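# Structural features, examined
Residues per chain, in single letters:
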Amino acid sequence: MKEFDAFRLDPVNRCLWRGDERVTLGPKAFDVLRYLVLHADRLVTHQEILEAVWPDTHVNPEVVKKYVLEIRKVLGDRSNRPTFIETFPRRGYQFVAPVREASTDTSSIEAARVVTMVGRDASHARLERCLDLSLKSQRQIIFVTGEPGVGKTTLVDAFLRRAAARASLRIARGQCVEGFGGKESYYPILEALGQLLRDTERNPVVPALVRYAPTWLVQFPSLVKADAREALHRETIGTTRERMVREICEALERIAVDDPVVLVLEDLHWVDVSTLDVVSALARRRAPAKIVLLCTYRPADVVVAENPLKVLKQDLLLHDLCVEIPLEHLRQSDVADYLSTEFPGADLPSGLAGLIHRHSGGNALFMTAIVRDMVDKGVVAEDGGRWTLTRRLANVAPEVPASLREMLDAQFTRLTASEQRILSHASVAGDRFSVWAVTSEPDLTSDEIENVCERLGEREQFLRSAGFHELPSGTVSAHYEFRHALYREAVYRRLSDVARSRLHRLVGGRLKALCSPGRQELAAEIALHFEKGLAYDDAITSLVLAAENAAARFAYRDSIQVLRHALTLVPHAAVEHRAELEAQLFERIGDAQYWLGEMVECARAYEAEAACGARSGLPSVRVNALSFLIRPFGLIDPDRGIAAVEEAVALSAGLGDPRLHARTELLAAGSRLLYDTWRGDDWQTCESARRTLEALSPAGVPDYHRMIYAHLQMLQGHYEEALTSLEAGIPTANEPTSLMVHMFALSGTTVALLHSGRFGELLRIIRAGREMAEKNGNDPWIFVFREAWLRCVVLDFDGARRLCETVTDTATTALARQPQTIARLARGYAELERGHYDEASRYFDEILDPAVTPKFFLHWYWRMSAQLGLSNVWLAAGSLGRARREADRFLASALSTAEPNLHALGWDVQARVSMAEKDWRGAEANIERGLAVLERFHIPTVAWRVHATRSELYRREKNHDAKEAQRVQAERVVVTLAGSFESDEPLRRSFLSADPVRRIVGSRPPGRSARERR
Ligand SMILES: Nc1ncnc2c1ncn2[C@@H]1O[C@H](COP(=O)(O)OP(=O)(O)OP(=O)(O)O)[C@@H](O)[C@H]1O
Ligand SMILES: [Mg+2]
């Protein structure tokens, strides 16, 4: 704590005190002052201030000047004869007053205005008890409830003031805003967190967010260095609500380890559901924590039975997880206390308190308003240093308005025309407003508005000053607030419908001007103004941005809710925009549902978009929407997805848009290849569509389509090329569309690594992916499938089966097809190893039967693997006729694809069947064709088998050298595959000890050195 003159600077709570009075100073102005005071011994340059106070943003140096002006005004300094801050023109400033170190203070608290509080002893005592418990690490959740103006905020303020004097606390406040409920997810929490972050010294908040709450850290981009942003975005991709909520709880618990945290959430009757999730989680977590969560709300505003706040509070009360402090009206004796505090030593008749109590009904706000009104009207006046009643008590009563509203109406009519006009305008802007926002009418200058507001504030009428604040544009503007929300309401209610909507439009337009593209933090507020201003097109556009904000906070359900609300406004939008707006909204709803994993809902939204395109004669909208359908349908019903994209192709052919047509063609042919079956024609279509796209625009193939194309490259054995294309699909920002690309990229990468025999890398991705999914509370299915696939390849069939069984329990039916299939394949091979041929063949038959195993992503690959399984079964069983039949079928279907692994396996099994048939020449011809595949493709997971078969054939032919040469080749591949695992990876050992592998590695001729073996 630093002291100078009569001032004290409290850097922890970021406030300035003159004696016992807290001086209003905006946060940036405070930071500038603090920096100057801390370096009081020297000149501080403009640049230095900019770097210290705005480390991550570019700010015009003029802004510093503006803040220094504000500081001077507050300190009562003059620039010509400065006692505090001296200006060195064009160089900088120096703090010239002597600075002392002050003892740590006890009276400072964040954001609590000093007001007289009477009564409330019992409630205050309860709060104190809660604080005591929280100091013993028992978390406290408190609801202070009562009617508007009864005194909830006042009680909380008084408590905070005293609490801060008792213990060293971190206090943060979040305000719920009317109308933000469904639109601004986590608004009050983010506001409170923003305050905690402002503490500059020994601030544990940033490290806690970095460590425990990256999903919250990303909400404050200025805290993250540019080079760390990308990694952070990757880390938070696919975040769920559960993760957001858990992380903020963990971070708060961490922050509260040394100094307790008091989190105040005001006016919860306007809360958003996401914030309620945090309240609920904070209340229900068991770990000891020095946290006080203090919430206020008006019960009358949450009377509906299913109101989520009401339900939550009742549940918490039932389980003894919260405390409710309902505030009653003030008593007559409290009013008397109030009078004697406000008018010390006054000579007032004893009946006055009774009269005021009767009229106000004990409502604190009304009581204080009556008293102020009496002073304004001279009913109570100071006479020779003593307050007295200037008329007989009996004559006072008729002058007291019957209700607060009536009183405020009367006060309003007494104001001048320009005061009324500016107040009306301000009442539209909000409880708290910037002068800048109100300056939307050409004949009102900001100076005029500021003067009027300042005057009203000085007279304690309607407004009070709320300091200077920086607007999102970097402009600094004076802020004011209504003395109480009910004051604003009183003014607002007087406006005619026409005037009200006109002003809302003006304010909306003004705020919109603040938001450059990419800075859309005001979107929800702007949407509110435009909606009330009946400017529906603008309202919908802003709601779309607000939905994006919600998605950036990983609050997809809120995002969907906002978009659905926007849909209800579409019928009011300009006729010519309606269809496009509606289509856009459905598309975004579809995207958000995809994020949530709600594929049926996702498909429904895209279908609605397609229908909208058809209805409104917007064929390209319909084409796009039909194309999107493959995303959800690919997971739940591939044939429907393919039908949709095929319709899109037919439609796009006649639109004269070659890019769109090429895109849809690539998508349709690609989807058939991935979800139906491999056809050379379809591959040719994809290839020529890709060329067209690259020729038509420098951007070339869109990301999603590029991922499909990469899969097709991979399916033809071009792993390196595929991996390069897939890399482009790992996104850097959390946009809804990129999740699909990201998932696709991950899925392709894992398969490409698997076929390239890069098992260690593959496992690293799988494990990181599973860990991330678990952190996010997501189903890690894709990683589980890939690990199961890997286990099949390294012959750990039991492991594969067990893994698949963990997902088939949880995965939805459509998603379960892939693990079910892998599990069947694994069981089939396990039974085969045990010599249970009938059982084994049953499992393989089930995979081949479309009634048991409907289509899924790359299902044909698995069906062919089952076909191969059948030939192996009959070969082992000695049923050569069956073995031959199945091997022929397998080869035919393998050769209908371009997949080199299947080709090689097809020739390999042919050779083995020929050998069993003692058709040595046939066997030779077949295996040579298998070896020829190895010449052209690097397919190690199959290569060792082909070499092993060739080696076996040489053995039968008694060509020992050639036999050994082939064995060594097989061994080399096996050793490289095993070596690609981490050295302590159990799978490595299990692979090396599998029978077929041991037959190769273990059948070395005796007497060779270890080096040779390698
Ligand atoms: N106990 C009290 N003693 C004296 N004045 C009080 C007391 N409680 C409230 N007041 C006065 O009444 C005004 C309104 O109170 P306050 O803002 O605390 O109400 P509230 O219950 O928070 O209302 P809302 O529901 O609108 O938020 C305060 O500004 C203060 O002037
Ligand atoms: Mg309040």
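Everything quoted here is computed from the prediction, not taken from an experiment.

## With respect to the overall build of the protein chain
Summing up its helical and strand segments, the protein chain has 49 helices and 18 strands in all. Taken along the three principal axes of its C-alpha coordinates, the protein chain extends 130 × 65 × 65 Å. Across the 1014 residues of the protein chain, 56% fall into the buried class. Within the protein chain, contacts between residues at least 6 apart in sequence are counted, and of these 66% link residues at least 24 apart. Of the roughly 43,100 Å² of accessible surface on the protein chain, 50% is carried by carbon and sulfur atoms. If the 131 positive side-chain charges of the protein chain are averaged to one point and the 138 negative ones to another, these points end up 3 Å apart.

## Comments concerning the site of ligand 1
Taken together, 20 residues form the shell around ligand 1, and within it Lys152, Thr153, Thr154, Arg298 and His484 come nearest. In the environment of ligand 1, an oxygen atom lies 2.5 Å from a nitrogen or oxygen atom belonging to the side chain of lysine 152. Contact distances for ligand 1 include 2.7 Å between an oxygen atom and a side-chain N or O atom of threonine 153. In isolation ligand 1 offers 620 Å² of accessible surface; the protein chains occlude 91% of this area. For the shell around ligand 1, the secondary structure elements donating two or more residues are α5 (152-166) and α15 (364-376). Classifying every residue of the shell around ligand 1 by side-chain character gives eight nonpolar, seven polar and five charged.

## A few points about the sheet that holds strand β16 (residues 432-434)
Pairing in this open sheet of three strands is antiparallel, and the strands run β16-β18-β17 from one edge to the other. In this open sheet, the two edge strands, each paired with only one partner strand, are β16 and β17 (463-470). Strand-to-strand twist in this sheet, taken as the mean axis angle between neighbours without regard to direction, amounts to 25°. Bridging between β17 and strand β18 (residues 476-482) involves six bridges; their strand directions are antiparallel. Bridge pairing in β18 places serine 465 opposite tyrosine 480.

## Comments concerning helix α25 (residues 556-569)
The terminal C-alpha atoms of α25 lie 20 Å apart, and with 14 residues this matches the ideal 20 Å at 1.5 Å per residue to within 8%. For α25, the set of buried residues is Tyr556, Asp558, Ser559, Ile560, Val562, Leu563, Ala566, Leu567 and Leu569.

## Let's talk about the sheet that holds strand β12 (residues 291-297)
Strand order in the open sheet made by the five strands is β10-β11-β12-β9-β13, with parallel pairing throughout. Of all the strands in the sheet, just β10 (170-175) and β13 (323-326) have a single pairing partner and so form its edges. Each adjacent strand pair in this sheet contributes to an overall mean axis angle of 15°, direction not counted. Inspection of the sheet shows strand β11 (residues 261-266) paired to β12 by five bridges, in the parallel sense. Pairing of leucine 265 across the sheet is with cysteine 295, part of β12. Seen against the sheet, α5 touches β9 (140-145), β10, β11 and β12 and runs at an angle of roughly 165° to β10. Against the sheet, helix α6 (residues 187-198) contacts β10 and β11, and its axis sits at roughly 145° relative to β10.

## Looking at the packing of helix α31 (residues 658-675) against helix α32 (residues 680-696)
The geometry of α31 relative to α32 is characterised by a closest axis approach of 8 Å and an angle of 150° between their N-to-C directions. In terms of orientation, α31 and α32 fall into the roughly antiparallel class. Handedness of the α31/α32 crossing: left-handed. Residues Pro658, Arg659, Ala662, Arg663, Glu665, Leu666, Ala669, Gly670, Arg672 and Leu673 of α31 form the contact with α32, whose participating residues are Asp682, Trp683, Thr685, Cys686, Ala689, Arg690, Thr692, Leu693 and Leu696. Class assignment for the residues of the contact of α31 with α32 results in ten nonpolar, three polar and six charged.

## Brief notes about the confidence of the model for the protein chain
When the pLDDT values of the protein chain are averaged, the result is 89; 94% of them are 70 or greater. Note on residues 104-112: pLDDT is under 50 here. Beyond four places in sequence and across chains, it has 30 contacts. Taken together, the stretch residues 733-737 has pLDDT below 50 and engages in 13 contacts with residues farther than four places along the chain or on a different chain.

## Focus: α5
The terminal C-alpha atoms of α5, which comprises 15 residues, lie 21 Å apart, in line with the 21 Å expected from a rise of 1.5 Å per residue. Taken together, the buried positions of α5 are occupied by Lys152, Leu155, Val156, Asp157, Ala158, Phe159, Leu160, Arg161, Ala163 and Ala164. On its buried face, α5 sits against α4 (121-135), β9, β10, β11 and β12.

## Quick look at unusual backbone geometry
Not every positive phi belongs to a glycine, and leucine 795 is a case in point at roughly 65°. Mapped onto the elements of the fold, leucine 795 is located in the loop between α37 (781-793) and α38 (797-810). Non-glycine residue lysine 918 carries a positive phi angle of around 60°. Looking at where lysine 918 falls in the secondary structure, it is placed in the loop between α43 (900-916) and α44 (920-936).

## Here we look at the nonpolar core
Formed by 134 residues in total, the largest nonpolar core has its most connected members in Leu674, Leu712, Leu790 and Trp944. Excluding anything up to four places from it in sequence, leucine 712 contacts Gly670, Leu673, Leu674, Trp678, Trp683 and Cys686. Residues Ala369, Leu444, Cys453 and Leu514 belong to the second largest nonpolar core, which totals 123 residues.

## Examining the packing of aromatic side chains
Counted by the stated rule, this structure contains 27 aromatic pairs. Aromatic side chains tryptophan 678 and tryptophan 860 sit 6.2 Å apart centroid to centroid with 65° between the ring planes, which places their arrangement in the edge-to-face category. Of this pair, tryptophan 678 sits in the loop between α31 and α32 while tryptophan 860 sits in helix α41 (residues 859-877), and the two are 182 residues apart along the sequence. We note that tryptophan 678, like tryptophan 860, is buried. Taking 5.2 Å as the distance between ring centres and 40° as the angle between the ring planes, the aromatic pair formed by phenylalanine 759 and phenylalanine 981 counts as tilted. In this pair, phenylalanine 759 is assigned in helix α36 (residues 759-776) and phenylalanine 981 in the loop between α46 (960-979) and α47 (986-992), connecting sequence segments 222 residues apart.

## A short note on the pattern of salt bridges
This structure, assessed with the given rule, holds 71 salt bridges. A salt bridge links arginine 298 to aspartate 301, with the shortest nitrogen-to-oxygen separation between them at 4.0 Å. Accessibility expressed as a relative area gives 41% for aspartate 301, which makes it partly exposed. Shared partners join several salt bridges into a network, and the residues in it are Asp639, Glu646, Arg672, Asp676, Arg679, Asp682 and Lys855.

Cut-offs applied
- Residues numbered from 1 in each chain as written.
- Chains lettered and ligands numbered in written order.
- Predicted model: local features only at pLDDT ≥ 70, side-chain atom pairs only at ≥ 80, totals over all residues.
- Heavy atoms only, no water.
- Helix = DSSP H or I, 4+ residues; strand = E, 2+ residues; numbered from the N terminus.
- Buried < 20%, exposed > 50% of the residue type's maximum accessible area, 1.4 Å probe, protein only.
- Contact = heavy atoms within 4.5 Å.
- Areas by Shrake-Rupley, 256 points an atom, 1.4 Å probe, with all protein chains shown as cover.
- Lys, Arg positive; Asp, Glu negative; His and termini not counted.
- Charge placed at Lys NZ, Arg CZ, Asp CG, Glu CD.
- Near = heavy atom within 4 Å.
- Polar contact = N/O pair within 3.5 Å; in protein donor to acceptor, adjacent residues only side chain to side chain.
- Nonpolar A, V, L, I, M, F, W, Y, C, P; charged D, E, K, R; others polar.
- Pairing = 2+ DSSP bridges.
- Axes fitted to C-alpha atoms, helices over the stretch in contact; angles between N-to-C directions.
- Expected span 1.5 Å × (residues − 1).
- Parallel < 35°, antiparallel > 145°, perpendicular 65-115°, else oblique.
- Left-handed = near helix turned anticlockwise from the far one by under 90°.
- pLDDT = per-residue confidence, 0-100.
- Core = buried A, V, L, I, M, F, W, Y, C linked by side-chain atoms within 4.5 Å.
- Phe/Tyr/Trp six-rings, centres within 6.5 Å; stacked < 30°, edge-to-face > 60°.
- Salt bridge = Lys/Arg side-chain N within 4 Å of Asp/Glu carboxyl O.

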